Amino acid sequence: MTIFAEKKQLVAPGELLAEGSYFPGENTYREGNRVFASRIGLADLVANKLIVVPLKGCYVPRVDDFVIGRVVDIAMSGWTVDISAPYPALLPLSETPAARGMAPRKDLTRIFNVGDLVMAEVIAFDRTRDPLLTVRGRGLGKVPSGRVVHISPAKIPRLIGRKGSMISMLKKVTGCDIIVGQNGTVLVSGRQPKNEQIAVAAMLMIEREAHTRGLTDRVSEMMSRELR
Amino acid sequence: MNKPEIRLIDDNGLRVDGRRLDELRPTKMEVGVLDKADGSAYIEQGKNRIIAAIYGPREAHPKHVALADRAVIKCRYHMAPFSVEERKSPAPSRRELELSKVIREALETSIMSELYPRTSIDITIEVLQSDGGSRCAAITAASLALADAGVPLREIVAACAVGKINGKIALDLSDIEDKEGDADLPVAFMPKSKAITLLQMDGSFTEEEFNQALDMAINACEKINEMQIEALKRKYISVKEQAEESREVAT
Amino acid sequence: MSWTPQLPPVAKIEQKTIVDLIAKGRRVDERKLTDYRDIKIETGIVQKANGSAMTHLGKTKVMTGIKVELGAPFPDTPNQGVLTVNAELVPFASPSFEPGPPSEAAIELARVVDRGLRESKAIPLETLCVEPGKKVIIVFVDVYVLDHDGNLIDASAISALAALLTSKMKTYELDGGEVRVKDELLPLMIQNEPVAVTTAKIDGSMILDPCLQEELVMSSRLTVTSGRDGSLCAMQKGGLGAFTDQEVRQAVRTAIEKGKEIREVIKGATSGR
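Small disclaimer: the values here were computed from a predicted structure and weren't measured.

Chemist: I'd like a description of the overall build of chain A, backed by residues and values.
Modeler: Each helix and strand in chain A was counted, giving 4 helices and 17 strands. On the principal axes, the C-alpha backbone points of chain A span a range of 65 × 50 × 25 Å. Restricting to contacts in chain A with at least 6 residues of sequence separation, those with at least 24 account for 53%.

Put into structure tokens, the structure is as follows:
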């Protein structure tokens, strides 16, 4: 059994990661006795599983993901929501808190209208059906206000950080409320526009340098400098 | 009436642009050159100047072209009117339509399209200047753009053409060599799988000449593949170096 | 036939952010209301073309190629050369662009750029006649939009002008009934520099050079093209909203002033070629 890539090494599609009985994890594939990368990213070995943490790629919904999406259409009994995935998401009327005791012919636009931003959770998705959303739950529902930032979904884990460490630092230093959707849509609201601007700048810096070391310190330094 | 054969190889064995028979034209590749597209790449190979860019996987339009078990790959190869000596009409020619098809087929094998059923992956190639071997340079750029977009690939596809000029097998024909030469063989190749995904030929080859030409093409594709991987990583490496260096300066 | 396009893919609160900022005199990218984004011009990238210019206006990128060829004149102008402008919105320039014949947006773009060049008499078509009634010089201006981050008209006009200013052509002479081509290359004669300046109206405020996010929110736009002596050669209002006559006059004034600045940038980038 041999591993050809170092931990955190930048690998390209088709590059050989290892030979032997390794389990091919996300963004890798196995051919015969060998495991290759299928996406540009950083190689890693977790238990006996070879994975590539991707640096680029579209958002693929997972059940229980928290997402922020935009209502694009109103159907008979629900709404079509754009969650920046290759598949349009469906939010059925039955998955809203208002649904209980609501007359069937009531105007759906009273709840959500085209152009509204909603905070939702993915309750179902597999590749044969479009993702299903719910807004029944604490902290879910229409977004009333705030500044929207779009970040590459592949960089969201880095933006959140291990156990939320990075995002907590951003919130603490800028004093802003920051809500991060797994689909790359982020909501920022602060009392001062300057603080919002700095939070946005920090997020864009993290997006650009997600694959580098010492990022947390550099972001922290940048924010302190700008706040002075 | 036979027109006199133009000398494409001089007494020193050098070609019109000074190259040896087995030499690739100077090649430059850059990734991520466009802001809006999900992935993009720019290639200069000799006088070829080509941009390729990707959108997707995204919703398929119109809905009826969507496939139940995999992504639809759409590919458009187009030459700008100013890309050739005599201005070309912007409307797609039959040649561009044929090339759109063979290029799509060359790239489709490498794409793990079964991971995104009912979606579309859209490849657009625009040739800003063409000087022979543009379909190969287009495939090289498009495959790089797919990797830049984060589309899952078995590997990156490289392509190169080999031809015959003044009776000799030559690598990477320029436009004049293609026009005045005796044969042209564009090839697209995936080096790890050792798979040929595009193969076309026009002109005349003996079987022996063909085998020799194919070897030369495969060899060149392996070198081009290394350049592609370097170009793909370069952007991230330079960001990393700049970022980590600034930290050292600050402390 | 023309029909109302799809709503822009922007959430209402995103639109509100832009509108609120503009009401405070600021924009999403920190510009002032009358600031243009950075303009970068690279010429001569396509050597097979008689001239070429790649223009960056912020993140918007437009490449224009010029081809100069011999052809037949229009029947009603037998002693004049021909200027023809074509624009393509390349599918990769925006997630909403689709392949196919030019859309109404591409056609409008081409015609507005054309009007600026034609009405300013930038190219003296009377000097492009080789054999009256039979052979004249045709100047093809092909505008290729490669990356759409707003204000395609201004970016395309800058790109087309820069390409023309750096174009070279062979000389064609009539010699005893035959046209002789001399390979010696001379600059294409350009005698005016039309510059298009687009003003966008967002919730009552007027801003210059809208980026894509701002275009998705604006109610309408007014493009004013002026020549080197400040005279007006073309105008185009676009979008569903309306302008007051006061706003129009102000936009014209601003366009002439701003046009002078942009003209200097273009001349600086294309001089000495």
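More follows now that the structure is in view.
Chemist: Could you give an account of the packing of helix H3 (residues 193-209) of chain A against helix H4 (residues 215-227) of chain A, naming the residues involved and the relevant values?
Modeler: Residues and elements named next belong to chain A. Orientation of H3 relative to H4, taken along the N-to-C sense of each, is 155°, at an axis distance of 10 Å. In terms of orientation, H3 lies roughly antiparallel with respect to H4. Handedness of the H3/H4 crossing: right-handed. Across the interface between the two elements, Ile198, Ala201, Ala202, Met205, Ile206 and Glu209 from H3 touch Leu215, Val219, Met222, Met223, Glu226 and Leu227 from H4.

Chemist: Tell me what's going on with the sheet that holds strand E4 (residues 72-79) of chain B, and back it up with residues and numbers.
Modeler: Residue and element names in this part refer to chain B. With respect to topology, 5 strands assemble into an open sheet ordered E1-E2-E3-E5-E4, the strand pairing being mixed. Across the chains shown, the open sheet's two edge strands, defined by having one partner strand only, are strand E1 (27-31) and E4. Adjacent strand axes in the sheet meet at a mean angle of 15°, parallel and antiparallel pairs treated alike. As defined by bridge partners, E4 adjoins strand E5 (residues 119-129) across 8 bridges and the pair is classed as parallel. Bridge pairing in E5 links His78 to Glu126. Of the strands in this sheet, E4 and E5 are in contact with helix H1 (residues 94-108), which crosses E4 at around 135°.

Chemist: Tell me about helix H2 (residues 104-119) of chain C, and name the residues and values.
Modeler: All names here are of chain C. Its 16 residues place the ends of H2 22 Å apart at the C-alpha level, agreeing with the 22 Å of an ideal helix rising 1.5 Å per residue. When we look at burial in H2, the residues that qualify are Ala106, Leu109, Ala110, Val112, Val113, Gly116 and Leu117. Down the axis, H2 shows its buried residues gathered within 165° of arc, on one side only. In this structure, the buried side of H2 is in contact with strand E4 (82-89), strand E6 (135-147), helix H3 (152-165), strand E9 (195-202), strand E11 (220-226) and strand E12 (232-238). Count one or two residues on from H2 and you reach Lys121, which has phi positive near 55°.

Chemist: Pulling in residues and values, what's your account of the interface of chain A and chain B?
Modeler: Frequently, the measure chosen for interface size is the accessible area removed from exposure when the parts meet. Each side of the interface is counted separately: chain A has 27 residues, and chain B has 28 residues. For the side of chain A that touches chain B, the secondary-structure elements that each account for two or more residues are H3 and H4 of chain A. With 3 residues, the single largest contributor to the side of chain A that touches chain B is H4(A). Taken together, the residues that form the side of chain A that touches chain B break down as 11 nonpolar, 7 polar and 9 charged.

Chemist: Talk me through the pairing of E6(C); I want residue IDs and the actual numbers.
Modeler: Residues and elements named next belong to chain C. In terms of burial, E6 is a largely internal element, 11 of the 13 residues being buried. Judged from the 11 bridges that link them, strand E3 (residues 60-71) and E6 form a sheet pairing that is antiparallel. Bridging from a neighbouring strand, Val62 pairs with Val145 of E6. The pairing of E4 with E6 spans 8 bridges and is parallel. In the sheet register, Asn86 faces E6, and the bridge partner there is Asp142. Here strand E5 (residues 129-131) runs beside E6; their pairing, made up of 2 bridges, is antiparallel. Within the sheet, the bridge partner assigned to Glu131 lies in E6 and is Lys135. The turn joining E5 and E6, which pair antiparallel and follow one another in sequence, is formed by 3 residues; a positive phi near 80° is taken by Gly133.

Chemist: Residue-level account of the nonpolar core, with values.
Modeler: Counting residues in hydrophobic clusters, the biggest one holds 163 residues, and the most contacted among them are B:Ala52, B:Ala138, B:Ile139, B:Ala141, B:Ala142 and B:Ala159. Counting residues per element, this core draws most heavily on H3(C), at 11 residues. Setting aside residues up to four positions removed in sequence, B:Ala159 forms contacts with B:Ala106, B:Cys136, B:Ile139, B:Thr140, B:Pro186, B:Val187, B:Ala188, B:Leu198 and B:Cys221. Among the nonpolar cores identified, the runner-up in size contains 47 residues, and A:Cys58, A:Ala120, A:Ile178 and A:Ile206 belong to it.

Chemist: Explain the domain arrangement of chain A residue by residue, including any values.
Modeler: Per the domain assignment, the segments of chain A are domain 1 (2-54), domain 2 (66-142) and domain 3 (147-227). Taken over C-alpha atoms, the centre of domain 1 of chain A sits 37 Å from the centre of domain 2 of chain A.

Chemist: Quick one: what's the story with the interface of chain C and chain A, residue by residue and with numbers?
Modeler: Between chain C and chain A, the contact holds 5 residues from the first and 9 residues from the second. Classifying every residue of the side of chain C that touches chain A by side-chain character gives 2 nonpolar, 1 polar and 2 charged.

Chemist: Explain the sheet that holds E9(C) to me, and be specific about the residues and the numbers.
Modeler: Residues and elements named next belong to chain C. Across the sheet, which stays open at both edges, the 4 strands sit in the order E10-E9-E11-E12 with antiparallel pairing between neighbours. The two strands at the open ends of the sheet, each matched to only one other strand, are strand E10 (205-208) and E12. Each adjacent strand pair in this sheet contributes to an overall mean axis angle of 20°, direction not counted. Of the strand pairs in this sheet, E11 and E12 are connected by 6 bridges, and their pairing is antiparallel. Bridge pairing links Ser226 to Leu232 in E12. Together, E9, E11 and E12 form the strand contacts of H2, whose direction differs from that of E12 by roughly 165°. The sheet contacts of helix H5 (residues 245-270) involve E9, E10, E11 and E12, and relative to E9 the element is tilted by about 135°.

Chemist: Quick one: what's the story with H4(A), residue by residue and with numbers?
Modeler: All names here are of chain A. Counted at 1.5 Å a residue, the expected span for H4 with its 13 residues is 18 Å, and the 18 Å between its end C-alpha atoms agrees. When we look at burial in H4, the residues that qualify are Leu215, Arg218, Val219 and Met223. Taken end-on, H4 shows its buried residues confined to a sector of 130°, consistent with a single buried face. Facing away from the buried surface of H4 by more than 90 degrees, the exposed residues are Asp217, Ser224 and Arg225.

Chemist: Describe the pairing of E3(C), naming the residues involved and giving the relevant values.
Modeler: All names here are of chain C. A large share of E3 lies buried, amounting to 9 of its 12 residues. As paired elements, strand E2 (residues 51-57) and E3 share 7 bridges and run antiparallel to each other. Directly across from Ala53, in E3, lies its bridge partner Thr64. As consecutive antiparallel partners, E2 and E3 are separated by 2 residues, and within that stretch Gly58 has a phi angle of approximately 60°, a positive value.

Chemist: How would you sum up the environment of B:Thr27? Please name residues and give values.
Modeler: Residue and element names in this part refer to chain B. Looking at the secondary structure, you find Thr27 in strand E1. The partly exposed category is assigned to Thr27, around which 18 C-beta atoms lie within 10 Å. Setting aside chain neighbours within four positions, we find Thr27 in contact with Glu44, Gln45 and Met227.

Rules of the game
- Residues numbered from 1 in each chain as written.
- Chains lettered and ligands numbered in written order.
- Predicted model: local features only at pLDDT ≥ 70, side-chain atom pairs only at ≥ 80, totals over all residues.
- Helix = DSSP H or I, 4+ residues; strand = E, 2+ residues; numbered from the N terminus.
- Contact = placed C-beta atoms within 7 Å.
- Axes fitted to C-alpha atoms, helices over the stretch in contact; angles between N-to-C directions.
- Parallel < 35°, antiparallel > 145°, perpendicular 65-115°, else oblique.
- Left-handed = near helix turned anticlockwise from the far one by under 90°.
- Pairing = 2+ DSSP bridges.
- Expected span 1.5 Å × (residues − 1).
- Buried ≥ 20, exposed ≤ 12 C-beta atoms within 10 Å, placed from the backbone.
- Arc of directions from axis to C-beta.
- Nonpolar A, V, L, I, M, F, W, Y, C, P; charged D, E, K, R; others polar.
- Core = buried A, V, L, I, M, F, W, Y, C linked by C-beta atoms within 7 Å.
- Domains from an automatic or database assignment.

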